[in-house]
Amino acid sequence: MADPQNRERFELRRQSDDLVYVFVRKTRPDGTVGYQRQDQDLWIEHRPDWGWVAWDPESQSCTGRPWNVLPADQVDHPPEGDWVSRKGAKSYVYRLVYVS
């Protein structure tokens, strides 16, 4: 596990097949901070009513979120632990882990 103070990058590790997506902390053009996936323009961002989520701006819908941490209990970075996602008719379970 990464140093608890290092919140610059994390991995989402898909539990069904060990696929790993890497996200890096960045400042967005509007000044907000989010985490961008390294291989695509996909973001984990903080939304006022949702907390930290994967958000699809085109459909204005949540495509992934923490499983066990309510928005009110989230802080200034996405929570470690289980996350779930939805892509079309499929859902996946990931483990979010901060890395160096």
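S.K.: Explanation requested: the overall build of the protein chain in the structure shown.
M.R.: A count of helices and strands for the protein chain gives 0 helices and 8 strands. Order of helices (α) and strands (β) in the protein chain, N terminus to C terminus: β-β-β-β-β-β-β-β. For the protein chain, whose C-alpha radius of gyration is 13 Å, the value lies close to the compact-globule estimate of 13 Å for 100 residues. Across its three principal axes, the protein chain shows a C-alpha extent of roughly 35 × 30 × 30 Å. Counting 14 positive and 16 negative side-chain charges, the protein chain places the averaged centre of each group 3 Å from the other.

S.K.: I tried to follow the pairing of strand β7 (residues 81-87) on my own but got confused; where do I start?
M.R.: Walk down a regular strand and you will see the side chains alternate between the two sheet faces. Across 3 bridges, the pairing between strand β6 (residues 61-66) and β7 is antiparallel. By the bridge assignment for β7, glycine 64 is matched with serine 85. Across 7 bridges, the pairing between β7 and strand β8 (residues 90-98) is antiparallel. Across the sheet, the residue bridging to tryptophan 83 is tyrosine 94, located in β8. Taking the residues between adjacent antiparallel strands as the criterion, β7 and β8 are bridged by 2 residues, where glycine 88 takes a positive phi near 60°.

S.K.: What should I look at first to understand the nonpolar core in this one?
M.R.: In a soluble, globular protein the nonpolar side chains are often hidden away together inside. Membership of the largest hydrophobic core is limited to 12 residues, which are Phe10, Leu12, Tyr21, Phe23, Tyr35, Ile44, Trp52, Ala54, Trp83, Tyr94, Leu96 and Tyr98. Listed by contribution, the elements that provide at least two residues to this core are β1 (9-14), β2 (20-27), β5 (51-56) and β8. At 3 residues, β8 tops the list of elements feeding residues into this core.

S.K.: What exactly am I supposed to notice about the sheet that holds strand β3 (residues 33-37) here?
M.R.: Each strand in a sheet pairs with another by means of backbone hydrogen bonds, the pair being arranged parallel or else antiparallel. Pairing is antiparallel around the closed barrel formed by 8 strands, whose spatial order is β1-β2-β3-β4-β5-β6-β7-β8. For this sheet the average axis-to-axis angle between neighbouring strands, irrespective of direction, equals 35°. Where β5 meets β6, 3 bridges bridge the pair, whose relative direction is antiparallel. When the bridges of β6 are listed, tryptophan 55 appears paired with cysteine 62.

S.K.: How should I be thinking about the environment of arginine 9 in this particular structure?
M.R.: Structurally, arginine 9 is set in strand β1. Once the C-alpha coordinates of arginine 9 and tyrosine 98 are considered, the two residues, 89 residues apart in sequence, prove to be 5.9 Å apart. If we skip the residues at most four places from it in the chain, arginine 9 touches Val22, Phe23, Val24, Gln38, Tyr98, Val99 and Ser100.

S.K.: Sorry, what's going on with the side chain of glutamine 36 here?
M.R.: Along the chain, the position of glutamine 36 falls in strand β3. In contact with glutamine 36, other than residues within four places in its own chain, are Val22, Phe23, Val24, Lys26, Asp41, Leu42 and Trp43.

Quick notes on the rules
- Residues numbered from 1 in each chain as written.
- Predicted model: local features only at pLDDT ≥ 70, side-chain atom pairs only at ≥ 80, totals over all residues.
- Heavy atoms only, no water.
- Helix = DSSP H or I, 4+ residues; strand = E, 2+ residues; numbered from the N terminus.
- Rg over C-alpha atoms; globule rule 2.2 N^0.38 Å.
- Lys, Arg positive; Asp, Glu negative; His and termini not counted.
- Charge placed at Lys NZ, Arg CZ, Asp CG, Glu CD.
- Pairing = 2+ DSSP bridges.
- Core = buried A, V, L, I, M, F, W, Y, C linked by side-chain atoms within 4.5 Å.
- Buried < 20%, exposed > 50% of the residue type's maximum accessible area, 1.4 Å probe, protein only.
- Axes fitted to C-alpha atoms, helices over the stretch in contact; angles between N-to-C directions.
- Contact = heavy atoms within 4.5 Å.

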